[in-house]
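Chain by chain, the residues run as shown.
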Amino acid sequence: MLFQNLYKMISFLGSDISVSVAMREERIQQLLPLRTPGSVYVQTCNRVELYTGVGIATSETVLHLFRVAAGLESAMVGEGHILGQIKRAYLQACEMGKLDRGMHKLFLHAIRVGKRVRTQTAIARGAVSHASATLNIITCKEAISLDSIILVLGANTITRNVCDGLQKRGYTSVFIANRTESKAHEIAHTTGCTVVDFEHVFSFLAMSKVVVSALKLETALFTLGDFPVQRCIGIDLSVPRTINTQNASEYPHYVYDLDEVEKCMNQNLACRCFEVLRAEELIDEEINAYRASMIRGNRYATHCHA
């Protein structure tokens, strides 16, 4: 879905999981030039959005952002990572320049509703994450042997959970690389995997059976020609994609991108329908609270200037 709510009030533009990864990549290039001090730019593996404007937010914008913060618009309904990503996007915007009072209130209420949904409902219970879907592909769908070399790229919550899950399942040759090596060492310390110098990634890739990438790069890092001669599995969780799959028919390898990974991620949504309804009730409460706080603020401003 392409969002385009252009009002003088706070509004947003962007693309989410309802469009392909390729379209999300295009949207990044469209929105980045529009990012200015006073706006909030949210980029995750599932969505690319830019919030701009002043004053009170449009009804569509408030409802959308609150649902996103609650995890109701995620590929995996109820997942918790998006709330932290929204908070980081808000804090980065604060560092870039002065935010309008209305933008502050909008994001502070969104963060609050995200916390309430996760503490007052069981919506995240039994949910499937990007990490668990990745583990399922490796262990079940592809049945990769326990002694295979697995290369994990990127140091974040997803890769930490992947490394931890692989070790717990008995995989003995899990390696991690990241541009900031200290972050890779932090994950290795808690999960038991081995750190690879990022400069040696290409030579190490040639020995790998599986490569899992969750890097944040502007362009692809690998082509299928960089993979080993024997069949290799790629799981590309990055947006933009890290692995260029051009001329895929010429190679024995197979790369799962986000479009495919996300197909696995909502299988148990039906059993959480009641929790979704409860979450929507909490969102309605927070929308009313946000509107009331904006009205109070406008009355105060009017009184001060009278």
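Small disclaimer: the values here were computed from a predicted structure and weren't measured.

Topic: the overall build of the chain
Moving on, step 1. Secondary structure summary: the chain contains 10 helices and 12 strands in total.
Moving on, step 2. Taking the contacts inside the chain whose residues are at least 6 apart along the sequence as the reference set, 64% of them involve residues at least 24 apart.
Moving on, step 3. Of the roughly 14500 Å² of accessible surface on the chain, a fraction of 54% belongs to carbon and sulfur atoms.

Focus on the nonpolar core
Moving on, step 1. Counting 37 residues, the largest nonpolar core has Ile-138, Val-152, Leu-166, Ile-235 and Leu-237 as the members making the most contacts within it.
Moving on, step 2. Beyond its immediate stretch of four places on either side in the chain, Ile-235 contacts Thr-134, Ile-137, Ile-138, Val-211, Val-212, Ser-213, Tyr-256 and Val-261.
Moving on, step 3. Formed by 36 residues, the second largest nonpolar core is a distinct cluster that contains Leu-72, Leu-83, Ala-89 and Val-113.

A closer look at the packing of aromatic side chains
Any pair of aromatic rings gets described here by the distance separating the centres and the angle formed by the planes.
Moving on, step 1. According to the stated counting rule, one finds 6 aromatic pairs in the structure shown.
Moving on, step 2. Between Tyr-254 and Tyr-256, the ring centres sit 4.9 Å apart and the planes meet at 75°, which makes this aromatic pair edge-to-face.
Moving on, step 3. Judged by its relative accessible area of 4%, Tyr-256 falls in the buried class.
Moving on, step 4. Here a set of aromatic residues connected by ring pairs shows up, and it is made of Tyr-51, Tyr-90 and Phe-107.

Brief notes about the side chain of Asp-257
Moving on, step 1. You can see Asp-257 is positioned in the loop between β12 (254-256) and α9 (258-261).
Moving on, step 2. Side-chain polar atoms of Asp-257 contact the backbone nitrogen of Asp-259, separated by 3.1 Å.
Moving on, step 3. Once residues lying within four places of it in the same chain are set aside, the contact partners of Asp-257 are Asp-236 and Arg-241.

Comments concerning the environment of Ile-287
Moving on, step 1. Tracing the sequence through the fold places Ile-287 in helix α10 (residues 273-305).
Moving on, step 2. Separated by 221 residues in sequence, Ile-287 and Phe-66 have C-alpha atoms that sit 8.0 Å apart.

Focus on the confidence of the model for the chain
Moving on, step 1. Looking at the chain as a whole, its pLDDT mean stands at 86, while 88% of the residues score no less than 70.
Moving on, step 2. Segment residues 1-8: pLDDT under 50, and 27 contacts once partners within four positions in sequence are set aside and those in other chains are kept.
Moving on, step 3. Note that residues 300-306 has pLDDT below 50 and, in this model, 0 contacts with residues that lie over four places away or in other chains.

Side note on the packing of helix α6 (residues 157-168) against helix α7 (residues 181-191)
Moving on, step 1. α7 packs onto α6 with a crossing angle of 30° between their chain directions and a minimal axis gap of 9 Å. One element, α6, and the other, α7, form an angle in the roughly parallel class. The crossing of α6 and α7 is right-handed. Residue-level contacts link Thr-159, Arg-160, Cys-163, Asp-164 and Gln-167 of α6 to Glu-186, Ile-187, Thr-190 and Thr-191 of α7.

Section: the packing of helix α3 (residues 81-96) against helix α4 (residues 101-120)
Moving on, step 1. One can describe the packing of α3 onto α4 by two numbers: an axis separation of 10 Å at closest approach and a directional angle of 160°. Classed by the angle they form, the pair α3 and α4 counts as roughly antiparallel. Helix-helix and strand crossings are classified by hand; for α3 and α4 the assignment is left-handed. Only His-104, Phe-107, Leu-108, Ala-110, Ile-111, Gly-114, Lys-115 and Arg-118 of α4 make contact with α3, whose side of the interface consists of Ile-82, Leu-83, Ile-86, Lys-87, Tyr-90 and Cys-94.
Moving on, step 2. Looking at side-chain class alone, the contact of α3 with α4 contains 9 nonpolar, 2 polar and 3 charged residues.

Scoring rules and cut-offs
- Along each chain, residue indices are assigned from 1 in the same order as the chain's sequence is written.
- Local features in a predicted model are, by the rule used here, given only for residues with pLDDT of at least 70; side-chain atom pairs are given and counted only at 80 or more, and totals for whole chains, interfaces and linings are based on all residues.
- As a rule here, side-chain values cover all heavy atoms of the structure and leave hydrogens and water aside.
- Per the convention used, a helix needs a DSSP run of H or I reaching at least four residues, while a strand needs a run of E reaching at least two, with both numbered from the N terminus.
- Throughout, a residue-residue contact means that at least one pair of heavy atoms, one from each residue, lies within 4.5 Å.
- Residue exposure ignores everything except the shown protein chains as possible cover, and the areas themselves are Shrake-Rupley values with a 1.4 Å probe.
- We call a set of buried Ala, Val, Leu, Ile, Met, Phe, Trp, Tyr and Cys residues a nonpolar core when their side-chain atoms join them within 4.5 Å.
- Buried residues are those whose accessible area, probed at 1.4 Å on protein chains only, stays under 20% of the maximum for their type, while exposed residues exceed 50% and partly exposed ones sit between those limits.
- Two aromatic rings from Phe, Tyr or Trp, using only the six-membered ring of Trp, form a pair when their centres are within 6.5 Å; if the ring planes differ by under 30 degrees the pair is stacked, by over 60 it is edge-to-face, and anything between is tilted.
- In the analysis that follows, any N or O atom pair within 3.5 Å is treated as a polar contact, provided that within protein one partner can donate a hydrogen and the other can accept it, and provided that, for residues neighboring in sequence, both atoms belong to side chains.
- pLDDT expresses how confident the predictor is about each individual residue, on a scale running from 0 to 100.
- To get an axis, a line is fitted to the C-alpha atoms, and for a helix only the part in contact is used. The angle between two axes follows their N-to-C directions and goes from 0 to 180 degrees.
- Reported orientations rely on four angle classes, namely roughly parallel under 35 degrees, roughly antiparallel over 145, roughly perpendicular from 65 to 115, and oblique for the rest.
- Put simply, a crossing is left-handed when the front helix is turned counterclockwise from the back one by less than a right angle, and right-handed when it is turned clockwise.
- In the scheme used here, Gly and all other residues not listed as nonpolar or charged are polar, with Ala, Val, Leu, Ile, Met, Phe, Trp, Tyr, Cys and Pro taken as nonpolar and Asp, Glu, Lys and Arg as charged.

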